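# Observations on the model geometry
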Amino acid sequence: MNLENVIARRKNKTVYRDGDRCIKVFDDIYSKADVLNEALNMARIEETGLPTPKLLGVTTIDGKWAIIDEYIEGKTLAQLMKEHPEKTDEYLDLFVDLQLTVQSKTCPMLNDQKIKMNRKISQTKLDATTRYDLHTRLEGMPKHNKVCHGDFNPSNIIIADDGTAYILDWSHVTQGNASADAARTYMLFCLDGDEETAQQYLRLFCKKSDTAMQYVQKWMPIVAASQSVKGNEEEQEFLLRWVTVTEYM
């Protein structure tokens with residue numbers, strides 16, 4: 001197994017290319033349960049028929065857990081958007097279509113979105129009154145069972161050399177409400193400092209899915225709080241700005 005060709009470094013993990021295989025090696029502090037859950041998510045998503053690299057195996061390398069999957073030759077949608085800003089509209093159109101394709105699927109064995117969000121809200125450092133309000137809001141939101149990626153952003157889309165789009169990184173996937181997933185994607189654009197694209201994305205998602213923008217916005221304080229338990233202090237501070245927002249323009 002060749003671990004010389006590094007293609008990505010992320011928090012607590014390094015991704016290598018070994019021929020036609022992609023090897024994601026997790027730091028030794030990474031939870032074994034989380035690694036195995038990610039591999040299980042990948043296998044379940046593969047069975048839905050969604051365009052995603054095939055899971056090839058799970059192993060340990062020098063005491064560290066690793067997931068092996070199919071390597072896809074191509075560029076991420078994020079790379080293409082930076083290289084061809086004049087095609088932003090075209091790329092966002094493809095991006096939203098892919099997200100809606102994901103959300104058109106069901107996969108009953110995936111983790112429940114609401115349960116995960118409730119757990120994360122409980123883990124925040126928010127005061128008890130705010131946590132209670134967020135839990136109440138979450139329980140009042142419609143419960144759906146659509147596949148929700150959980151980290152749907154252009155860097156998790158690979159456009160292969162033949163033009164086929166593949167969706168990567170299913171570690172945060174759940175079954176739940178598509179609008180909550182859209183709220184998360186909106187925030188990811190904002191966290192990347194691109195609020196203009198975030199607004200363009202949200203308008204396009206709502207148009208294509210026939211969803212009221214106000215409905216997606218109602219999810220934002222809930223999603224922001226549940227996502228704030230991870231990440232650096234700057235990201236947490238940024239997300240928590242949404243928690244007390246009750247009205248949007």
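Placed above this text is the structure.
Keep in mind that what you see is a predicted model, and the values were worked out from it rather than measured.

Another aspect to go through is the packing of helix α6 (residues 178-191) against helix α8 (residues 213-227). Viewed as axis vectors pointing N to C, α6 and α8 meet at an angle of 70°, and their least axial separation amounts to 8 Å. Between α6 and α8, the crossing angle belongs to the class labelled roughly perpendicular. α8 is crossed by α6, and the crossing has right-handed handedness. Facing α6, whose interface residues are Ser179, Ala180, Ala182, Ala183, Arg184, Tyr186 and Met187, α8 presents Tyr215, Val216, Trp219, Met220, Val223, Ala224 and Gln227. The residue makeup of the contact of α6 with α8, split by class, is eleven nonpolar, two polar and one charged.

Okay, the pairing of strand β1 (residues 5-10) next. In the sheet, β1 pairs with strand β2 (residues 13-18) via five bridges, with the strands oriented antiparallel. Each residue of the ladder has a partner; that of Arg10, found in β2, is Lys13. As consecutive antiparallel partners, β1 and β2 are separated by two residues, and within that stretch Asn12 has a phi angle of approximately 65°, a positive value.

This brings us to the environment of Asp28. Of note, Asp28 is situated in the loop between β3 (21-26) and α1 (32-48). Each C-alpha atom of the pair Asp28 and Lys13 lies 9.3 Å from the other, and the pair is 15 residues apart in sequence.

The rules behind these values
Residues numbered from 1 in each chain as written. Predicted model: local features only at pLDDT ≥ 70, side-chain atom pairs only at ≥ 80, totals over all residues. Heavy atoms only, no water. Axes fitted to C-alpha atoms, helices over the stretch in contact; angles between N-to-C directions. Helix = DSSP H or I, 4+ residues; strand = E, 2+ residues; numbered from the N terminus. Parallel < 35°, antiparallel > 145°, perpendicular 65-115°, else oblique. Left-handed = near helix turned anticlockwise from the far one by under 90°. Contact = heavy atoms within 4.5 Å. Nonpolar A, V, L, I, M, F, W, Y, C, P; charged D, E, K, R; others polar. Pairing = 2+ DSSP bridges.

What is shown is where atoms sit, not what they do.
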